[in-house]
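Given next are the chains, with one letter for each unit.
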Amino acid sequence: MEKITSRENAKVKYACRLASSGAFRRAEGRFLAEGRKLCPELCRGAELETLFCTESALEKCPELSELPGEHYLVEDHVADKLADVGTHQGVFGVFRTPVHTLEEVKTGGRYLALERVQDPGNVGTLLRSAAAFGFDGVLLSDGCASVFAPKTLRASMGAAVRIPVIEAGKMPEAIALLREKGITCLAAALYQSQPLSAAASSYPDGVCVVIGSEGQGLTDETIAACTGTVRIPMTDRVESLNAGIAGSILLWHFREESL
């Protein structure tokens, strides 16, 4: 296995740029992930092109050598440059980004739609919950946190490639397309809403749960485009729940019937 000793190595600099720039990730169709557990998990749904690991990481997890792609040993100071956080596990992978489109949305499916949810932790949490509760895909509007940024990947724990993620552009237009397929689109909002307990948990033609940004919620245009609105009843001791928690509650309500 070839060893990389310089932080200025071209492959290392390329990987670091993938980690730091969403525009570069989109242009290249690739992303960088890190972690002894996360990289093998991502191999289940994305193509691993390049694996970087330290000698100590390989000693702890010799099974890493069985992963596909080109493999490189890196010295610790090179791993420090690749790392998104100060404490790392010495394992990094460059993957091809899975591409999904709105054409894949099907009547009868379960979907999550996020409008301008900007916190990577919330986006990652919601991807993980959507995968856990049997949803068929996640739609992201413009302005959402990048699914394949390092923080989002860590929060999703591999769910980012185990469930189709669709960059949907303007959310009202995406909602209109779903409704044309007979899918009921329910906005998480207070205005003229019904409590979640009053909402049916099963929709034969499909359902889409629509969640807005942490600070502003959904836009008026997106709410108007939806079939209806639902809210989570709660006491007056808190003003609101964060998007990750609120969305996960909604996803559990509309979960796959066999769960």
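Per chain, residues are indexed from 1 in the order of the written sequence. Only residues with pLDDT of at least 70 get local features here, since the model is predicted, and only at 80 or more are side-chain atom pairs given and counted; chain-wide, interface and lining totals rely on the full set of residues. Water and hydrogen atoms play no part in the side-chain values, which are based on all heavy atoms of the structure.

Filter applied, for reference: UniProt positions are given in the numbering used here, feature names are shortened, and annotations may be inferred rather than shown by experiment.
Under an unreviewed UniProt entry, the name given to the chain is rRNA methylases, and the organism recorded is Faecalibacterium prausnitzii L2-6. In its Sequence similarities (unreviewed entry) section, the UniProt record describing the chain reads: "Belongs to the class IV-like SAM-binding methyltransferase superfamily. RNA methyltransferase TrmH family."

## Here we look at the overall build of the chain
Quick reminder of the rule: Working definition: helices are DSSP H or I runs of at least four residues, strands are E runs of at least two. Numbering for both runs from the N terminus. Throughout, radius of gyration means the C-alpha value; the globule benchmark is 2.2 Å times the number of residues raised to the power 0.38. Burial here depends on accessible area, computed with a 1.4 Å probe over protein chains only, as a share of the maximum for the residue type. Under 20% is buried, over 50% is exposed, and the range in between is partly exposed. Residue contacts are defined here by distance: any two heavy atoms, one from each residue, within 4.5 Å place the two residues in contact. Shrake-Rupley sampling with a 1.4 Å probe provides the accessible areas, and residues are treated as covered by the protein chains on show and by no other component.
From N to C terminus, the chain includes 11 helices and 12 strands. The C-alpha radius of gyration of the chain comes to 20 Å, within 12% of the 18 Å expected for a compact globule of 259 residues. Overall, the C-alpha framework of the chain stretches about 60 × 40 × 35 Å when taken along its three principal axes. Here the chain, with 259 residues, has 48% of them falling under the buried criterion. Long-range contacts, defined as pairs at least 24 residues apart, comprise 78% of the intrachain contacts of the chain with a sequence gap of at least 6. Accessible surface, the chain as shown: approximately 12,500 Å² in total, 48% of it carbon and sulfur.

## Some points on the sheet that holds strand S9 (residues 184–188)
In plain terms, the rule: When DSSP locates at least two bridges between a pair of strands, those strands are taken to pair. To obtain each axis, a line is fitted to C-alpha atoms, and for helices this fit is confined to the stretch in contact; angles are then taken between N-to-C directions over 0 to 180 degrees.
In spatial order, the strands read S8-S7-S6-S11-S9-S12-S10; together these seven strands make up an open sheet with parallel pairing. Single-partner strands in this sheet number two, and they are strand S8 (165–169) and strand S10 (194–195). Against the sheet, helix H6 (residues 120–132) contacts strand S6 (110–114), strand S7 (137–141), S8 and strand S11 (207–211), and its axis sits at roughly 175 degrees relative to S6.

## Details of the environment of His88
For clarity, the cut-off: Distance and chemistry together define a polar contact, namely a pair of N or O atoms within 3.5 Å, with one atom able to donate a hydrogen and the other to accept it when in protein, and with adjacent residues in sequence counting only for side-chain atoms on both sides.
Mapped onto the elements, His88 comes out in the loop between helix H5 (76–82) and strand S5 (91–96). The class for His88 is partly exposed, based on a relative accessible area of 22%. Note: C-alpha distance between His88 and Glu49 (39 residues apart in sequence) is 20 Å. The contact partners of His88, leaving out residues within four places of it in the chain, are Glu34, Ala79, Asp80 and Ala83. Side chain to side chain, His88 and Asp80 meet in a polar contact 2.8 Å long. Polar contacts involving the side chain of His88 include one to the main-chain amide nitrogen of Gly90, which spans 3.1 Å.

## Quick look at the domain arrangement of the chain
Definition in use: For each domain, the first and last residues come from an automatic or database assignment. Buried area adds together the accessible area that both of two parts lose upon being put together, with accessible area traced by a 1.4 Å probe. The working definition used for a salt bridge is a side-chain nitrogen of Lys or Arg within 4 Å of a carboxyl oxygen of Asp or Glu. In this count, Pro and Cys sit with the nonpolar residues alongside Ala, Val, Leu, Ile, Met, Phe, Trp and Tyr, while Asp, Glu, Lys and Arg are called charged and the others, Gly among them, polar.
Segmentation of the chain into domains returns domain 1 (2–96) and domain 2 (102–254). Residue-level contacts link 15 residues of domain 1 with 12 residues of domain 2. Here domain 1 meets domain 2 over a buried area of about 1,100 Å², counting both sides, of which 66% is carbon and sulfur. Among the residues domain 1 hides against domain 2, the three largest losses belong to Arg25, Leu38 and Asp84. Together they make up 33% of the total. Viewed at the interface, domain 2 and domain 1 are joined by two salt bridges. Among the salt bridges present, the one from Arg154 reaches Asp84, with a minimum N-O distance of 3.0 Å. Seen at the junction of domain 1 and domain 2, the total is three residue pairs in polar contact (both at pLDDT 80 or more). Secondary-structure elements contributing two or more residues to the side of domain 1 that touches domain 2 are helix H2 (22–28), strand S2 (30–34) and helix H3 (38–42). Looking at the side of domain 1 that touches domain 2, its residues break down into eight nonpolar, one polar and six charged.

## Let's talk about the packing of aromatic side chains
One pair of aromatic rings is described through two measures. These are the centre distance and the angle between the planes. What counts, and what does not: Each Phe, Tyr or Trp ring, with Trp reduced to its six-membered ring, pairs with another whose centre is within 6.5 Å; inter-plane angles below 30 degrees give stacked pairs, above 60 give edge-to-face pairs, and intermediate values give tilted ones. Here, a charge over a ring is recorded when the distance from Lys NZ or Arg CZ to the ring centre is within 6 Å and its angle to the ring normal is within 35 degrees.
Tallied over the entire structure, the rule returns five aromatic pairs. Judged by centre distance (5.5 Å) and plane angle (75 degrees), the ring pair of Tyr14 and Phe24 falls under edge-to-face. Taken together, the residues span a long stretch of sequence, with Tyr14 in helix H1 (residues 10–20) and Phe24 in helix H2 at a distance of 10 residues. Overall, Tyr14 belongs to the partly exposed group, its relative accessible area being 26%. Seen in terms of ring centroids, Phe31 and Phe95 are 5.4 Å apart; in terms of plane orientation they differ by 10 degrees. Their pairing is stacked. Placement of Phe31 in strand S2 and of Phe95 in strand S5 is noted, with a sequence separation of 64 residues between them. Phe95 carries the same exposure label as Phe31, and that label is buried. In this structure, Arg255 is placed above the aromatic ring of Trp252, and the distance from its NZ or CZ to the ring centre is 3.9 Å.

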